[in-house]
Amino acid sequence: VQPFVQLTVGGFVARVFSNHVRADSGEILQRVGGISLDNRLYQNVIDAELRYGRTFRAGTIPIGLTVGANYRMKHISWSFLDADHVLHHVAAYAQAQATFASWLSSTVSFRVDRHPVLDLPVFSPRLAVILKPSERRALRLSAGTSFRTPTMLELYLDLANPTPTPGVVVTGRGGEVRCPSALDHCLSAEGAISVDVGFLDQTWESVQYEVHGFFTRGTSLIELGNVAFEALPGMNNPNGPLDVGAFRFANDPTATSMFGAEMGARVAPLDGLDLYANYTFAYMLQESGSQRVGDQRTPQHKFNVGVQYRSRFGLDASLDGHFVSGTVWREQDFDPARGVVYETFPLDSYFLLNGRVGYRFLNDRVELGVVGTNLTDNRRRQHPFGAPMGARVMGVATIRF
């Protein structure tokens with residue numbers, strides 16, 4: 001359920017929406033002698049925002065200014081958490097767009113968020129500069145920061161997790177549950193700094209291309225820590241599972257960096273016919289003090305190529321191929337002797353071939369189509385714990401009023 005109300009008066013825009021979620025879930029399979037993870041979730045969100053925008057001139061320079069403030073209330077009742085919780089979030093932001101000349105413009109923005117559980121506000125400045133050497137060529141330089149605040153699960157989790165050993169559980173806790181320090185909050189926001197440079201050329205109608213380079217560095221990633229073996233009440237409960245310890249969400253002291261490049265082109269040799277191709281190279285590094293270790297959770301190479309045709313009499317067709325190089329995932333697992341450990345799970349490279357055929361009629365108000373994904377049926381996994389992907393064919397009907 002998501003009711004929404006918006007009011008616009010002059011340069012002011014006010015909006016309010018609410019979101020209600022109710023879910024009941026349980027395990028498809030449950031180990032004999034294990035505990036049940038069936039649970040019930042109720043979540044309510046109320047969000048209110050007030051925004052004002054106007055355009056003015058500073059001398060001969062036109063400037064578009066937008067300022068705003070936001071309030072969000074989040075309430076959750078979930079059997080996986082230690083109790084019901086209500087959090088009140090506030091934020092403020094400002095953005096200015098300036099055109100200094102026909103070939104030079106820029107956008108600068110700033111946002112501050114106050115999370116009720118974090119010790120300090122979170123700031124997020126951004127800057128972008130666009131240079132246009134010609135009407136249809138553009139060079140874009142941008143830099144900025146982003147963040148992710150802890151979720152309710154990461155803050156208030158309090159759940160006995162079953163282990164591979166029957167009758168033995170390990171309790172998972174959020175950062176605010178039995179925090180080691182009673183004076184300070186235990187989690188901080190995840191942060192990232194990114195820099196991007198890109199060039200786009202649309203000089204010709206039939207040929208367009210672009211090239212990008214990027215760098216991103218993430219810090220304070222929130223992850224589950226290792227098990228702290230301790231004497232818990234469950235260890236002395238003869239009628240319940242044996243609770244041998246706890247693990248908690250915490251900020252990772254190491255940082256992750258990624259740099260790479262992207263390039264793509266699109267060619268339209270005939271009316272209604274488009275050919276495209278793009279390639280992405282990405283390399284990740286895990287930083288640990290002065291040591292840097294290669295990380296392959298993100299594929300180093302991704303290549304996409306395709307053809308699309310859109311006729312005047314209503315027939316549409318497309319064929320797309322996607323190649324992804326091999327990856328090595330680091331996922332958490334539980335070992336009875338070592339507790340929570342990271343294990344590596346290599347995945348081979350794979351190729352996907354997708355296609356679509358459709359027909360439009362009644363002035364494009366009705367469209368019928370057939371979509372096929374993974375037409376080669378290569379049965380590859382995109383995640384080490386995911387199901388193999390098989391071929392799939394779907395019929396699609398669209399009606400526009």
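Residues numbered from 1 in each chain as written. Predicted model: local features only at pLDDT ≥ 70, side-chain atom pairs only at ≥ 80, totals over all residues. Heavy atoms only, no water.

Student: Kindly report on the overall build of the protein, identifying the contributing residues and their values.
Tutor: For the protein, the count of helices and strands is 1 helix and 25 strands. Classification of the 401 residues of the protein by burial places 30% in the buried group. Taking as baseline every contact in the protein between residues at least 6 positions apart, the subset at least 24 positions apart corresponds to 53%. For the protein, the computed accessible surface area is about 23,700 Å², with 60% contributed by carbon and sulfur atoms. (Helix = DSSP H or I, 4+ residues; strand = E, 2+ residues; numbered from the N terminus. Buried < 20%, exposed > 50% of the residue type's maximum accessible area, 1.4 Å probe, protein only. Contact = heavy atoms within 4.5 Å. Areas by Shrake-Rupley, 256 points an atom, 1.4 Å probe, with all protein chains shown as cover.)

Student: Any details on the pattern of salt bridges? Residues and values, ideally.
Tutor: Oppositely charged side chains may form a pair once their charged atoms are brought near each other. Overall, the coordinates contain 18 salt bridges when judged by the stated rule. Between R379 and D377 there is a salt bridge whose closest N-O contact spans 3.8 Å. A single salt-bridge network, built from bridges that share partners, covers R15, D47, E49, R51 and R72. (Salt bridge = Lys/Arg side-chain N within 4 Å of Asp/Glu carboxyl O.)

Student: I'd like a rundown of the packing of aromatic side chains, residues and numbers included.
Tutor: Throughout the structure, instances matching the rule amount to 7 aromatic pairs. With 5.1 Å between their ring centres and 25° between their planes, W78 and F80 make a pair best called stacked. The class of F80 is buried, set by a relative accessible area of 15%. On the numbers, 5.9 Å between centres and 25° between planes, the contact of Y359 with F361 is stacked. Taking the relative accessible area as the measure of exposure, F361 reaches 29% and is therefore partly exposed. (Phe/Tyr/Trp six-rings, centres within 6.5 Å; stacked < 30°, edge-to-face > 60°.)

Student: Which residues make up the layout of surface pockets, and what values do they have?
Tutor: Its volume calculated, the second largest pocket comes out at about 320 Å³. In terms of lining residues, the second largest pocket is bounded by 16 residues, among which R72, K74, H89, D113 and T149 are the most central. Counting only elements with at least two residues in the lining of the second largest pocket, the list comes to β4 (61-78), β5 (85-101) and β6 (104-114). (1 Å grid on protein atoms, 1.4 Å probe; cavity = no way out; pocket = protein on both sides within 12 Å on 5 of 7 lines; lining within 4 Å. Points joined across faces, edges and corners; volume = space filled by probe spheres on them.)

Student: Now, about the nonpolar core: what can you tell me, with residues and values included?
Tutor: I76, W78, L87, L155 and Y156 are the most contacted members of the largest nonpolar core, which has 16 residues in total. Every element with two or more residues in this core is listed here: β4 and α1 (152-156). With 3 residues, the top contributor of residues to this core is α1. In this structure I76 touches L41, Y42, Q43, L81, D84, H85 and M152, once residues within four positions along its chain are discounted. (Core = buried A, V, L, I, M, F, W, Y, C linked by side-chain atoms within 4.5 Å.)

Student: Tell me about a nonpolar patch on the surface, and name the residues and values.
Tutor: The grouping of W204, V207, Y209, V211, M263, V267, L275, V307, L319 and L375 at the surface amounts to a nonpolar patch, some 780 Å² of accessible area in total. Residue assignment for the nonpolar patch shows that the elements contributing at least two residues are β12 (207-219) and β16 (255-270). Broken down by element, the residue count for the nonpolar patch peaks at 3 residues, all from β12. Topologically, L319 is positioned in strand β20 (residues 315-324). (Patch = residues over 30% accessible without salt bridge, like charges linked within 9 Å, V, L, I, M, F, W, Y side chains within 5 Å.)

Student: Describe the pairing of strand β25 (residues 392-399), with residues and values.
Tutor: When you tally the buried positions in β25, you get 0 out of 8 residues, a small fraction of the element. In terms of strand pairing, strand β24 (residues 366-373) meets β25 through 8 bridges, oriented antiparallel. When the sheet's bridge partners are listed, V370 is paired in β25 with G395. (Pairing = 2+ DSSP bridges.)

Student: So what's going on with the environment of R392? Which residues, and what values?
Tutor: Among the structural elements, R392 can be located in strand β25. Note on R392: relative accessible area 52%, which makes it exposed. For R392 and G372, which are 20 residues apart along the polypeptide, the C-alpha to C-alpha distance reads 5.7 Å.

Student: Could you give an account of the side chain of R360, with specific residues and numbers?
Tutor: With respect to the helices and strands, the residue R360 is situated in strand β23 (residues 350-361). Relative accessible area serves as the criterion here: at 7%, R360 is assigned to the buried category. A distance of 2.8 Å separates a polar atom in the side chain of R360 from the backbone oxygen of S311. Among the polar contacts listed, one links the side chain of R360 to the side chain of D364, at a separation of 2.9 Å. Contacts of R360, omitting those with residues within four sequence positions, involve R310, S311, F313, G314, L315, D316, V366 and E367. (Polar contact = N/O pair within 3.5 Å; in protein donor to acceptor, adjacent residues only side chain to side chain.)

Student: Explain the pairing of strand β2 (residues 12-25) to me, and be specific about the residues and the numbers.
Tutor: Across 6 bridges, strand β1 (residues 4-9) lies against β2 in antiparallel orientation. Bridge pairing in β2 links F4 to F17. Hairpin connection between β1 and β2: a loop of 2 residues separates the two successive antiparallel strands, and G10 in this loop has a positive phi of roughly 60°. Both β2 and strand β3 (residues 39-58) contribute to a ladder of 14 bridges, which runs antiparallel. Looking across to β3, one finds that D24 is bridged to R40.

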